[in-house]
Amino acid sequence: MCEAAPAAAADEPKHPRIGCTRFLVWIVSLSAISSIISGYDQGVIAGAMLTLQEDLGLTGVELELCVGVINLAAALGGIVTGAIADAKGRRWTITLSNVLFLLGSLLLTIAEDFFTLMVGRVFMGLGVGIALVAAPIFTAEISPAHLRGSLVAMSDVATNAGILLGYAAGLSFYGVVGGWRYMFAIGMLPAGLLAILIWTVPESPRWLAMRGRDNDALAALVRIGDKAYAEAELESIRTSIQNDSTAGEASWKEIFFPADRPTARMLTAGLGVAFFSQACGTEAVTYYIPEVMVDVGLSDSEALVATMGAGGCKV
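In this report, the structure presented in the accompanying data block is examined. Because the structure is predicted, anything quoted here is derived from the model rather than measured. (Residues numbered from 1 in each chain as written. Predicted model: local features only at pLDDT ≥ 70, side-chain atom pairs only at ≥ 80, totals over all residues. Heavy atoms only, no water.)

## Observations concerning the pattern of salt bridges
Then, in step 1: This structure, assessed with the given rule, holds eight salt bridges.
Then, in step 2: Between Asp86 and Arg90 there is a salt bridge whose closest N-O contact spans 3.0 Å.
Then, in step 3: Two residues, Glu203 and Arg91, come together in a salt bridge whose shortest N-O distance is 3.9 Å. Separated by 112 residues along the polypeptide, Glu203 in the loop between helix H7 (188–197) and helix H8 (205–210) and Arg91 in helix H3 (residues 90–110) bring together distant segments of the chain. Across the pair, Arg91 and Glu203 agree in class, each one buried.
Then, in step 4: A single salt-bridge network, built from bridges that share partners, covers Asp86, Arg90 and Glu141. (Salt bridge = Lys/Arg side-chain N within 4 Å of Asp/Glu carboxyl O. Helix = DSSP H or I, 4+ residues; strand = E, 2+ residues; numbered from the N terminus. Buried < 20%, exposed > 50% of the residue type's maximum accessible area, 1.4 Å probe, protein only.)

Structure follows, in structure tokens:
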């Protein structure tokens, strides 16, 4: 996960570097667990729907709504996360996502009708959207610059690992009476624990500095590295914040139609990748792999085993 940083070039400014300290690993691990829970809540419905529909007497349309509403709720959660994280802090936002996971899992576990299922899935979707934004932001702002890329990438790996765990739950509880309830109930434990454990680590130093809490930001950075690293990193954060404040606000037109060609190309590439990764149907595949496998002739248990293989490929 963490690699040794290359030596700085002679013309680069001196900046103390740290390796993967145990406390940094702990912080990033908690952030990754938030992504794992998010992935689990996305993947677990794949196995649950094989028996969920029959147990609750859902129509095909009702089942599709329960599956698909998580994406709509996640989109809404992702849109509002930036404002929440800036106003309340990164830890508070991650806590909120896990409280939503907890409530959603509870409602799904005890659901006896379509309405309760929908409300539970909406809560779960909001949590997914918030976690997918908040966890990488927190990791990025707490990580040393030379390790940031690899550590932030762990969020996406962790999400896919969570999806695989959701598939594993479907396989493990196949054939158990009311097994789909156990699948959702399992998600409550890590969500509840993480909502508490996230408060054992410091807030994002950048967020603290943005609030004028430089002493708290320095204390957080000292816990991650040493004093020399903390002082240099805080100065870098201050400079970045100062540059942001003097740059002025951009209009929406400038954001989506930048005047300089390099930025326009980067924006096109970024939006293109985001759009086509969804438009190619990966989300539908994630949720409906067991159904597809059953339709091509596999039994339910064989379909769940095949789903595990697909989840392994995603990771």
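Now that the structure is up, let's keep going.
## Some points on the state of the cysteines
Then, in step 1: Inspection of the entire model under this criterion finds zero disulfides.
Then, in step 2: Distance from the sulfur of Cys313, which forms no disulfide, to the nearest cysteine sulfur (Cys280) is 15 Å.
Then, in step 3: Taking relative accessible area as the criterion, Cys313 reaches 69% and is therefore assigned exposed. (Disulfide = S-S within 2.5 Å.)

## Points about the side chain of Thr81
Then, in step 1: With respect to the helices and strands, Thr81 occurs in helix H2 (residues 60–88).
Then, in step 2: Overall, Thr81 belongs to the buried group, its relative accessible area being 0%.
Then, in step 3: A polar contact of 2.5 Å, which involves the side chain of Thr81, links it to the backbone oxygen of Gly77.
Then, in step 4: Among all residues touching Thr81, those that are not within four sequence positions of it are Thr93, Gly129, Ile130, Val133 and Ala134. (Polar contact = N/O pair within 3.5 Å; in protein donor to acceptor, adjacent residues only side chain to side chain. Contact = heavy atoms within 4.5 Å.)

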